[in-house]
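Below are the chains, spelled out letter by letter.
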Amino acid sequence: MLPLIVLASQAAIAATPAPPNNQIIILRETPAPITVTASRNMIRLAETGISISQITLPQIEALSLPLVKDYLTLIPGVAVAQTGPLGAQTQIRIRGAEANHSISFIDGIEMNDPASSGEFRIDTLLSHGIERIEVLRGPQSALWGSQAIGSVISLATRAPVRGSMLYGELQGGSLGTVRGGAGGGWADDSISISGQLSGLSTDGYDIARVGGDKDGYDNVTAHGRIEWKAVSGLTLLLVGRHQDSTSRFDGFNFVTGVPRDEPLETQSRQTALRAEAALALLDGQWTTRASFMGVRADNINRRANAFQNRSDGERDLFRLQSTDRVQAGNLTHSLTGALDIETERFISSDANAQAASNQRQRRRQTSLVGEYRLSTSNGFAAGAALRHDMNDRFADATTVRFDAVAPIGDVRLHAAFGTGIADPTFFDQFGFFPGSFQGNPNLVPERSRGVEAGIGWAAGGHSFDVTLFDANLTNEIIGTFNSTTFIAGVANATGRSTRRGVEVAGRAELARGLTLNTSYTYLDANQQQVAGSALVREVRRPRHSGSVAFNYSSRSFDLSAAAAITGARGDTDFARFVPVTLPAYTLLTLAGAWHISPRIDLTARVENALDASQVDVFAYRGPGLTAHGGIRFRL
């Protein structure tokens, strides 16, 4: 039987410490919920004023959705834009920030793609084997550097706490879709070993609606993790991951303004490694960590199976961090100092060996980070962080972050302020396609400032939270177009873009085993490309969005229903270069599991049960109603 799904706010829930605002958690017989990205060290969720949402394993299994991006639609402030079918390019915008304004971690490895737009290819991320999805909203650059200008997405894979485990699933359904995976692990007092192998394949459908050329998708992902307590106080960690996927898609007819059948495909390969040594002294009060992380991403484009071009990127990150904790009466002080050295490399290759787009680039950043955290026995907590980045391609930058949370009975007050930066991507700086696009090596980093404040209440099994947020963005990197040469490019805007709004989240226990979770976000996101000019509504960011989710759990079966509501939003018709409005839609997922034994479930799921017309990118329609069924086991 699955535990209850709970949507909570800043306050506590029945026998667990109060979670932060707008947070999805799961009632489980485990220690207090923690966060791994709201600080450079693991802390309790109740000790941060940052807006955090978490989706954990019971909810992932209850809905049984194939990709992580499907769960992000249930989180306040998150807008998901999918370019058509499963596996197509998908962008995540949080609180109105740009798609490349988030950093994504998997088991602590920064996974943003250095070979393309700087975004993480969220469309390649399968949900199988994922135990926790964590989203921080607001500028987090003071902790995690460039690209964390708007948010952080962190994922943790399944691993045993003690003993052995084995789990797996197999599903099939509409559009020739098959997905499955198996994983397991073993742990004792000194070592923990875990791993997963998962895959997904779908025939897809014809986006262009002519010619019958289906746009399918294939993905195979392997992930492994070993943590070893070598001697008293010394822990060694090794994490490895490899993903290989191929997405087939259609081109775009700039005369008619609709997709056209073309035999196009992109193969995305990503390999990542993390090695870390942690030394704890003075009964764990002083901890030092040294780690190395390496990521390689390859994006290979083909037409009718013939190579067209590719971009390859590498990121190496060395991190040295030391934390000292001091207990003084009812106060706990934590002081952290860190050194980050990051090197990125980029290679662009064309089928034509003489093409001007063939190039190699490299850049390095060295960062110093300091963080102080205070917590008290009565629940008050606060933190401050400072980061200084030294760049070999840009001017140096300094960012800060402050947060605090104060409980008053069943009510909790929380607030945060932060600044952030986003360095230009390699493509922004050096991208080059003859006759169509030319990069700009003179770009400067984007800068943001954000503030939020909220109030939460919880009593018994019910909770409610309201958070106000306000952010602005300067030096925004925007697209340009020369009407004489017909060459596109990029430049820093001289104006100031704004993003402000409110997030509301609530949770209620309607009956034994039956819970209701709701969220709503109002977003006013506007762009000003030229200083002094009028503000223009940002594209692909709904003014109104939200979610409603019911879950019922019993010994015999579980039933879940989740509706992700996306309001109307603007986009651009690139054939006529005029603004258009994308209509609102609601994606309803119905899912269930019949427990035919304590270890085996029969599962069923209906996606887009209302058969809504889903268009996140102008002219690219999403899938209609699909149905899937399968089996799941755990040992």
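Residues numbered from 1 in each chain as written. Predicted model: local features only at pLDDT ≥ 70, side-chain atom pairs only at ≥ 80, totals over all residues. Heavy atoms only, no water.

## Describing the overall build of the protein
Put simply, the rule reads: Each helix corresponds to a stretch of at least 4 residues labelled H or I by DSSP, and each strand to a stretch of at least 2 residues labelled E; elements are numbered beginning at the N terminus. C-alpha atoms define the radius of gyration in this analysis, and the globule rule sets the expected value at 2.2 Å times the number of residues to the power 0.38. Contacts between residues were defined by any pair of non-hydrogen atoms, one from each residue, lying within 4.5 Å. With residues, only the protein chains shown are counted as cover, and all accessible areas are computed by Shrake-Rupley using a 1.4 Å probe.
Looking only at helices and strands, the protein has four helices and 42 strands in total. For the protein, the C-alpha radius of gyration of 24 Å lies close to 26 Å, the compact-globule estimate for 635 residues. Projected onto its principal axes, the C-alpha positions of the protein cover 70 × 55 × 50 Å. Looking at the protein alone, contacts between residues at least 24 apart form 62% of all its contacts between residues at least 6 apart. Surface accessibility of the protein: about 24,900 Å² in total, with carbon and sulfur atoms responsible for 61%.

## Things to note about the sheet that holds strand β5 (residues 51-56)
Applied cut-off: Only when DSSP finds a minimum of two bridges between them are two strands counted as paired.
Spatially, β5-β10-β11-β8-β9 is the arrangement adopted by the five strands of the open sheet, whose pairing is mixed. Both outer strands of the open sheet, β5 and β9 (109-110), are each paired with one neighbouring strand and no more. Sheet analysis places strand β8 (residues 102-106) next to strand β11 (residues 151-157), joined by five bridges and oriented parallel. Along β11, the bridge assignment pairs Ser104 with Ile153.

## Details of the environment of Arg274
Definition in use: For the exposure calls, accessible area comes from a 1.4 Å probe over protein chains only, and a residue counts as buried if that area is under 20% of its type's maximum, exposed if over 50%, partly exposed in between. A 3.5 Å cut-off defines polar contacts: any pair of N or O atoms within that distance qualifies, except that in protein one atom must be a possible hydrogen donor and the other a possible acceptor, and neighbouring residues in sequence count only when both atoms are side-chain atoms.
Mapped onto the elements, Arg274 comes out in strand β17 (residues 258-281). For Arg274, a relative accessible area of 13% translates into the label buried. For the pair Arg274 and Gln438, spaced 164 residues apart in sequence, the C-alpha separation works out to 35 Å. Filtering out sequence-adjacent residues up to four positions away, Arg274 remains in contact with Asp107, Gly108, Ile109, Leu237, Leu238, Val239, Phe292 and Met293. A polar contact of 2.7 Å, which involves the side chain of Arg274, links it to the backbone oxygen of Asp107.

## With respect to the pattern of salt bridges
When charged atoms on two side chains of opposite charge get close, those side chains can pair. Rule in force here: A pairing counts as a salt bridge when a side-chain nitrogen of Lys or Arg comes within 4 Å of a carboxyl oxygen of Asp or Glu.
Within the structure shown, the criterion is met by 47 salt bridges. A salt bridge links Arg179 to Glu169; the nearest nitrogen and oxygen atoms lie 3.2 Å apart. Of this pair, Arg179 sits in strand β13 (residues 177-187) while Glu169 sits in strand β12 (residues 163-173), and the two are 10 residues apart along the sequence. By the burial criterion, Arg179 is buried, and Glu169 matches it. In this structure, Arg363 and Glu344 form a salt bridge, with 3.0 Å as the shortest nitrogen-oxygen distance. Taken as a pair, Arg363 in strand β21 (residues 359-376) and Glu344 in strand β20 (residues 331-350) lie far apart in primary sequence, 19 residues in all. The buried category is assigned to Arg363, whose relative accessible area is 9%. For Glu344, a relative accessible area of 10% puts it in the buried group. Put simply, Arg269, Arg296, Asp298, Glu314, Asp316 and Arg345 are held in one network by salt bridges that share partners.

## Details of the nonpolar core
As a reminder of what qualifies: Here, the term nonpolar core denotes a set of buried Ala, Val, Leu, Ile, Met, Phe, Trp, Tyr and Cys residues that are joined through side-chain atoms within 4.5 Å.
With 31 residues, the main nonpolar core has Val68, Leu72, Ile92, Ile133 and Leu155 as its most contacted residues. Setting aside residues no more than four positions away along its own chain, Ile133 makes contact with Ser53, Gln54, Ile55, Ile60, Val68, Tyr71, Leu72, Ser154 and Leu155. Core analysis: the second largest hydrophobic core is formed by 14 residues, Ile103, Phe105, Ala148 and Val152 among them.

## A word on the packing of aromatic side chains
Pairs of aromatic rings are described using the distance from one ring centre to the other and the angle between the two planes. Quick note on the threshold: Any two rings among Phe, Tyr and Trp, with Trp reduced to its six-membered ring, count as a pair given centres within 6.5 Å; such a pair is stacked if its planes are under 30 degrees apart, edge-to-face if over 60, and tilted if neither. Geometrically, a lysine NZ or arginine CZ counts as sitting over a ring once it is within 6 Å of the ring centre and also within 35 degrees of the ring normal.
For the structure on display, the rule yields seven aromatic pairs. Between Phe105 and Trp144, the ring centres sit 5.3 Å apart and the planes meet at 65°, which makes this aromatic pair edge-to-face. Of this pair, Phe105 sits in strand β8 while Trp144 is found in helix α3 (residues 141-144), placing the two residues 39 residues apart along the sequence. The buried category is assigned to Phe105, whose relative accessible area is 4%. By relative accessible area, which is 9% here, Trp144 ends up buried. With 4.7 Å between their ring centres and 15° between their planes, Phe427 and Phe437 make a pair best called stacked. One end of the pair, Phe427, is in helix α4 (residues 426-430); the other, Phe437, is in strand β26 (residues 437-438), with 10 residues separating them in the sequence. The exposure class of Phe427 is partly exposed, given its relative accessible area of 29%. A connected cluster of aromatic rings, assembled from ring pairs, spans Phe346, Phe426 and Phe430. Between Arg158 and the ring centre of Tyr167, over which it is positioned, the NZ or CZ distance is 3.7 Å. The cationic tip of Arg363 hangs over the ring face of Phe426; the distance from NZ or CZ to the ring centre is 4.4 Å.

## Regarding the pairing of strand β32 (residues 514-527)
For β32, a buried count of 10 out of 14 residues is recorded, marking the element as mostly surrounded by other parts of the structure. Count of turn residues in the strand β31 (residues 496-511)/β32 antiparallel hairpin: two residues, of which Gly513 carries a positive phi of about 85°. Here β32 runs beside strand β34 (residues 544-553); their pairing, made up of nine bridges, is antiparallel. Pairing of Ser519 across the sheet is with Ser547, part of β34. As judged from the two bridges shared by β32 and strand β33 (residues 536-537), these two strands associate in the antiparallel manner. Opposite Gln527, over in β33, you have Val536 as the bridge partner.

## Looking at the environment of Arg512
One can find Arg512 in the loop between β31 and β32. A C-alpha to C-alpha distance of 27 Å links Arg512 and Gly629, two positions 117 residues apart in sequence.

## Some words on the side chain of Arg387
With respect to the element layout, Arg387 can be found in strand β22 (residues 381-391). Arg387 gets classed as buried once you look at its relative accessible area, which sits at 3%. At a separation of 3.2 Å, a polar atom in the side chain of Arg387 contacts the side chain of Ser367. Separated by 2.8 Å, the side chains of Arg387 and Asp389 make a polar contact.

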